[in-house]
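So the chains spell out like this:
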Amino acid sequence: MRGALGGPRVLLRRLREVMAEPVSAQERLDKIVVLIAANMVAEVCSVYVLRVDSTLELYATEGLNRDAVHRTVMAADEGLVGLVASQASAINLSNAQAHPAFSYRPETGEEIYHSFLGVPILRAGNTLGVLVVQNRARRTYSEEEVEALQTTAMVLAEMIASGELSALAPPGAEPAARRSLHVKGNALSDGIALGHVVLHVPRVVITNYIADNIPKELTHLEAAIESLRASLDELLEHGDVVEGGEHRDVLEAYRMFAYDRGWFHKLEEAVMTGLTAEAAVERVQSDTRARMLRQTDPFLRERLHDLDDLANRLMRQLTGRNHAPARESLPENAVLIARSMGPAALLDYDRKRLRGLVLEEAGPHSHVTIVARALGIPAVGGVDNAAGLADPGDAIIVDGSTGDLHIRPLPDMEAAYAERVRLRARRQLQYQALLDKPCVTKDGEEVELLINAGLSVDLPHLADTGAAGIGLFRTELQFMVAPNFPRSSEQYALYRSVLDAAGSKPVTFRTLDIGGDKVLPYMRNIEEENPALGWRAIRLGLDRPGLLRTQLRALLRAGAGRALKVMFPMVATVQEFDQAKELVERELTHLRRHGHKLPEEVEVGSMVEVPSLLYQLDELLERVDFLSVGSNDLVQFLYAVDRGNPRVSNRFDPLSAPVLRALRDIVDKCRAYDKPVTLCGELASQPIGALALVGIGYRSLSLTPSAVGPVKAMLLELDSRKTAAFLAPQIEKSFCAVPIRAQLEKFAADNGLQI
Ligand code: PEP
Ligand code: MG
């Protein structure tokens, strides 16, 4: 470095000595700023620390008025220092006072300094403070100097994150690094978890930041990059990578970055400033994360994510540590944080110790979400940089009913949530007491409560909830969580175990509902403009009858000697139902011819999810043994709102005249034809939805297992005739000044119903 005394390596070595000295945190900081200023031939060096109240406080300075230390406190977006913090990137100016963001603090005496170089103090992509050097003369700091200052900032980041400085501050003004955070994500799986953070991909802890021997570190880095490249080449050429599949694209992107000169050059530069190879990777990774958090273009964000993953792989190469030791040594009350996770990985964890789940990327229909719900693990998704916000062991609260996350919660917050958990547990006990009570309304109407299921982990819910059976068994879930296509024997084994677990209770199996948002990772992904309206469910089943027939055969064999109920998803015309039923007949004939034992009875039904069926109900009811209304899809198609798109999915209320009229017409028609009908969409799982459904005539509902208790408790207090009389006129009106949901809420309150 030009003009510098000894350059960055000497500085880092001296820093290491200071870090090891048995002095107070303030003395250490004071020494550090003197060292940096001397090394960089700067007249000023200052450290600003981001506080819990989102202000930036001057913690140490060489060159500015020392009385200003701990007195100068700026808003997080104030002045050049604020700009460095909010942009999380360096600012390098030869005439700082001419910059529009410059703000003058008389107590510091900084008006005489013209050049300014500020770098963010970053850790895991989060800004913890700002490190500044200033000179009287107008000069632009060289690239090398910027690099050196950033490297130094990294050492400071560790010092701030260690909590060493917290003792210096009064309550409410502590460094933000360990502050209590409230983050809003998306509610994915209901429930509340209080626990301690476990990172799914543990952060590699770097113990040595400062290199003793730079050429050795460079060789180490080069060797690690070489083996990283070789392992990616090997994976792509010989590994178990699906041709053209999603995995392949990701690995191709990794390989491209791994061979990128720019990336390698950045890492090399960081080592040249005096860092160890692993510290260099962390430096570059932290910059990438900070950029990722500020990037709004989804494509570029994805690429930055790839780069972040690649850095993790490289870090593991360098340290020789493989990831995921956490699985075997999961602590009690673990809350798992991951960027993304496959469903099988979640199933690998010890369920008894796992309290909650936080995911950066998962949405409500992600496979891991489905498994979390089945396991009853509260989960929140859509949280940016989740893994960077908390350290392993930090206390955390996951509110899966609202999407709120509290990291390092304050005692009051923790107490409030603990109380909510106790309240929920008490309610569960009350529901437990209703377990053996028949589900009959106050006016004597029996309502059948079934559960929705799809994995073997769901089966204990039959007994836990006292449900009358399984109203919807989503067979695609087995396919979605498997690493490759489940063989016929595996399908048979699952169906058999489901029927065994259900005993005398009925189970309605739905044939594969894949396509749309339900993608199989190992199946060639077909690009479709509108996947929800595309080649999915029964459409795919009829066009690829081999797949559907294999499944039907497995179902019929599993049902040998018992009653079997099978239904088809996304039927749009009666002809489709006829064709599907014909396949059932053919399989029955085949099994009969080969001497297999057959089910005692086979009932074949259809889901009502596509609005076109509303106008074919007479023809359909002449053919089916039963119907099941999939209100999730039916509402999506009636209102033309994508159920997976949070921008529109809540735009229209299903508790509205158009939807309730459609649902009422279905139940009325079924009664006229004396055919059973169940409603198995999410609407039935909300007590207010169940209230409306019973009010329009439904007497069979299939629910998420956790909803059975609350819905049953409500139904036991309900007068169904009174509800019907209340609801009928609302549904007839084309416009209600007070929305139907609000009317129902009032009705529930007036009648002492818990909704
Ligand atoms: C529905 O659409 O309401 C339904 C139950 O099916 P799924 O949610 O699996 O699409
Ligand atoms: Mg559906």
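Before reading further, recall that the structure is shown in the block above.
Residues numbered from 1 in each chain as written. Chains lettered and ligands numbered in written order. Predicted model: local features only at pLDDT ≥ 70, side-chain atom pairs only at ≥ 80, totals over all residues. Heavy atoms only, no water.

Peer 1: Explain the site of ligand 1 here, please?
Peer 2: Every one of the 13 residues lining ligand 1 counts as a neighbour, but Arg474, Arg510, Glu609, Asn632 and Arg643 are closest to it. The separation between an oxygen atom of ligand 1 and a polar main-chain atom of serine 631 is 3.1 Å. In the model, an oxygen atom of ligand 1 is placed 2.7 Å from a nitrogen or oxygen of the asparagine 632 main chain. Burial of ligand 1 by the surrounding chains reaches 99%, relative to a free accessible area of 290 Å². Contributions of two or more residues to the shell around ligand 1 are made by β16 (470-474) and α21 (631-639). Residue contributions to the shell around ligand 1 peak at three residues, all from α21. Classifying every residue of the shell around ligand 1 gives two nonpolar, four polar and seven charged. (Near = heavy atom within 4 Å. Polar contact = N/O pair within 3.5 Å; in protein donor to acceptor, adjacent residues only side chain to side chain. Areas by Shrake-Rupley, 256 points an atom, 1.4 Å probe, with all protein chains shown as cover. Helix = DSSP H or I, 4+ residues; strand = E, 2+ residues; numbered from the N terminus. Nonpolar A, V, L, I, M, F, W, Y, C, P; charged D, E, K, R; others polar.)

Peer 1: I would appreciate a short explanation of the packing of helix α2 (residues 25-39) against helix α4 (residues 143-161) in the present structure.
Peer 2: To describe two helices that pack against each other, one gives the angle between their axes and the distance between the axes. Their axes nearest at 12 Å, the elements α2 and α4 cross at an angle of 180°. As summarised for this structure, α2 and α4 are arranged roughly antiparallel, according to the angle between their axes. Of the residues in α4, those in contact with Ala25, Arg28, Leu29, Ile32 and Ile36 of α2 are Leu149, Thr152, Leu156 and Met159. Across the contact of α2 with α4, the residue classes break down as seven nonpolar, one polar and one charged. (Axes fitted to C-alpha atoms, helices over the stretch in contact; angles between N-to-C directions. Parallel < 35°, antiparallel > 145°, perpendicular 65-115°, else oblique. Contact = heavy atoms within 4.5 Å.)

Peer 1: Sorry, what's going on with the pairing of strand β11 (residues 354-359) here?
Peer 2: The element β11 is extensively covered by neighbouring structure, given that five of its six residues are classed as buried. Here strand β10 (residues 334-338) runs beside β11; their pairing, made up of five bridges, is parallel. Among the inter-strand pairings, leucine 336 is bridged to a residue of β11, identified as leucine 357. In the classification by handedness, the crossover that spans β10, the intervening helix α10 (residues 343-348) and the parallel β11 is right-handed. Relative to strand β12 (residues 379-381), β11 runs parallel, the two being bridged by two bridges. Bridge pairing links leucine 357 to alanine 379 in β12. (Buried < 20%, exposed > 50% of the residue type's maximum accessible area, 1.4 Å probe, protein only. Pairing = 2+ DSSP bridges. Right-handed = clockwise from strand over helix to strand, strands pointing away.)

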